Amino acid sequence: GRGPEFEGAIVAFGHYLLTQDNKLKALKMAFFRDGLPNMSNLIATLVVFVVVIYLQGFKVNITRKHLRSGFTEPHEIKLFYTSNIPIILQTALVSNLYFLSQLLWKRYGSNPLVRLLGTWADLESGASRPIGGLAYYMSPPHSLFAVVEDPFHTLFYLSFILATCAMFSRFWIEISPGQSSKEVAQQLVSKGYTIGEGGRNDAASVKR
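If you're wondering where the values come from, they're calculated on a predicted model, not measured in any experiment. Each chain has its residues counted from 1, following the order in which its sequence is written. Only residues with pLDDT of at least 70 get local features here, since the model is predicted, and only at 80 or more are side-chain atom pairs given and counted; chain-wide, interface and lining totals rely on the full set of residues. The basis for every side-chain value is the complete set of non-hydrogen atoms in the structure, without hydrogens or water.

(A) Seen up close, the overall build of the protein. Helix and strand labels come from DSSP, where a helix needs a run of H or I of at least four residues and a strand needs a run of E of at least two; each type is numbered from the N terminus. Within the protein, the regular secondary structure consists of ten helices and five strands. We call a residue buried when its accessible area falls under 20% of the maximum for its residue type, exposed when it is over 50%, and partly exposed in between, using a 1.4 Å probe and counting protein chains only. Here the protein, with 208 residues, has 26% of them falling under the buried criterion. The contact rule is simple, with two residues in contact once any of their heavy atoms fall within 4.5 Å. Counted over contacts in the protein with a minimum sequence separation of 6, partners at least 24 positions apart contribute 38%.

In structure tokens form, the structure reads like this:
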């Protein structure tokens, strides 16, 4: 074993540097330790956080014109139109699938269908990690070495994230009042606005 460990990545980083004689080994343990949060996870989270904050500000301005007054003004369309709702829904879906898979694995681990859903291994930290089945491919690679070791897992995980988030984005727009392109077009038309230079004031034209 690695001896006493702290769960937090930053606290563990300081602990390793203070207690390990080999500082290079201490850095390696702090950045790439298995089964617990490490500095690589923390840095990746911060990078994603900064990128998302930056992209949240991206928007496209199109001109809308009031037919009676001729007054024009910008109409903003955000790049992240549905904000972070798709990620929240996707995370909830995966968490429930993990819970179901772990429960079935502990009770019926020898069943082929249960193994297809996911096989799990217990770590030294006391946590469990999927090591096979659908649950494994829906989980993120636990380290940079895992990305290189199993690139198909990484590609499947990225494709799964993008596909499910796109699906939930479309679903959320359709069920949220006043969010779909058809409803937004109807709102603009009812207020006497048109989009673009054509001057047509019907929902189909504005929607396009």
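(B) Here's a closer look at the environment of Y193. One can find Y193 in strand 5 (residues 193–195). Using a relative accessible area of 13% as the deciding quantity, one classes Y193 as buried. Between the alpha carbons of Y193 and R64 there is a distance of 6.2 Å; along the sequence they are 129 residues apart.

(C) Looking closely at a nonpolar patch on the surface. To count toward a patch, a residue needs a relative accessible area over 30% and no salt bridge; like charges are then connected within 9 Å, while nonpolar side chains (Val, Leu, Ile, Met, Phe, Trp, Tyr) are connected within 5 Å. In short, Shrake-Rupley with a 1.4 Å probe defines the accessible areas, and a residue's cover is counted only from the protein chains shown. By definition, a salt bridge exists where a carboxyl oxygen of Asp or Glu is found within 4 Å of a side-chain nitrogen of Lys or Arg. Where nonpolar side chains cluster on the molecular surface, the patch consists of F32, L144 and F145 and spans about 320 Å² of accessible area. Tracing the sequence through the fold places F145 in helix 7 (residues 144–149). Given a relative accessible area of 54%, F145 falls into the exposed group.

(D) Quick peek at the pairing of strand 2 (residues 72–78). Pairing between two strands is assigned when DSSP locates at least 2 bridges connecting them. Sheet analysis places strand 1 (residues 59–66) next to strand 2, joined by seven bridges and oriented antiparallel. Its bridge partner being in strand 2, I62 is matched across the sheet by H75. A loop of five residues connects strand 1 with strand 2, the two strands running antiparallel in sequence, and G70 in this loop sits at a positive phi of about 75 degrees.

(E) Up close: helix 2 (residues 23–32). Considered for burial, the residues of helix 2 that qualify are A26, M29 and A30. Looking straight down helix 2, one finds that the buried residues subtend no more than 95 degrees of arc, so they occupy a single side. Opposite the buried face of helix 2, by more than 90 degrees, sit the exposed residues L24 and K28. Against helix 1 (9–19) and helix 3 (39–56) lie the buried residues of helix 2. Any pair of nitrogen or oxygen atoms within 3.5 Å is treated as a polar contact; in protein, a donor-acceptor pairing is required on top of that, and neighbouring residues in sequence qualify only through side-chain atoms on both sides. Near the N-terminus of helix 2, the side chain that reaches the backbone nitrogen of L24, with its oxygen 3.1 Å away, is that of N22. By arc we mean the arc of the directions from the helix axis to the C-beta atoms, nothing more.

(F) Molecular detail of helix 1. Residues of helix 1 that are buried include every one of A9, A12, H15 and Y16, and no others. One side of helix 1 carries all its buried residues, which in axial view fall inside an arc of 120 degrees. Pointing more than 90 degrees away from the buried face of helix 1 are the exposed residues I10 and L18. If you follow the buried residues of helix 1, they end up packed against helix 2 and helix 3.

(G) Focus on the packing of aromatic side chains. Aromatic rings from Phe, Tyr and Trp, with only the six-membered ring used for Trp, were paired whenever their centres fell within 6.5 Å, and each pair was classed as stacked if the ring planes differed by under 30 degrees, edge-to-face if by over 60, and tilted otherwise. For the structure on display, the rule yields seven aromatic pairs. Through a chain of ring-to-ring contacts, three or more aromatic side chains come together here, namely Y136, Y137, F152 and F156.

(H) Main features of the side chain of R129. Relative to the elements of secondary structure, R129 occurs in strand 4 (residues 128–132). Accessibility expressed as a relative area gives 17% for R129, which makes it buried. Non-local contacts of R129, meaning those with residues more than four positions away in its chain, are made with D34, G35, T119, W120, A121, L123 and H142.

(I) Fine view of the packing of helix 1 against helix 2. At a minimum axis separation of 8 Å, helix 1 and helix 2 run at an interaxial angle of 165 degrees. Considering their axes alone, helix 1 and helix 2 lie roughly antiparallel with respect to each other. For the pair helix 1 and helix 2, the crossing hand works out as right-handed. For the pair formed by helix 1 and helix 2, the contact residues are F13, Y16, L17 and L18 on the first element and K23, A26, L27, M29, A30 and F31 on the second. When its residues are assigned to classes, the contact of helix 1 with helix 2 shows nine nonpolar, no polar and one charged. Every axis corresponds to a line fitted to the C-alpha atoms, with the helix fit spanning only the stretch in contact, and the corresponding angles, defined between N-to-C directions, vary from 0 to 180 degrees. Angular relationships are summarised with four words: roughly parallel below 35 degrees, roughly antiparallel beyond 145, roughly perpendicular across 65 to 115, and oblique for the angles in between. Crossing handedness is read from the near helix: turned anticlockwise from the far helix by less than a right angle, it gives a left-handed crossing, and turned clockwise, a right-handed one. Residue polarity follows a fixed list, in which Ala, Val, Leu, Ile, Met, Phe, Trp, Tyr, Cys and Pro are nonpolar, Asp, Glu, Lys and Arg are charged, and the others, Gly among them, are polar.

(J) Structural detail: the nonpolar core. In plain words, nonpolar cores are sets of buried Ala, Val, Leu, Ile, Met, Phe, Trp, Tyr and Cys residues tied together by side-chain atoms within 4.5 Å. Among the nonpolar cores identified, the biggest contains seven residues, and these are A9, A12, Y16, A26, M29, A30 and M39. Secondary structure elements with two or more residues in this core: helix 1 and helix 2. Counting residues in hydrophobic clusters, the runner-up holds six residues, among them V94, W120, M138 and F160.

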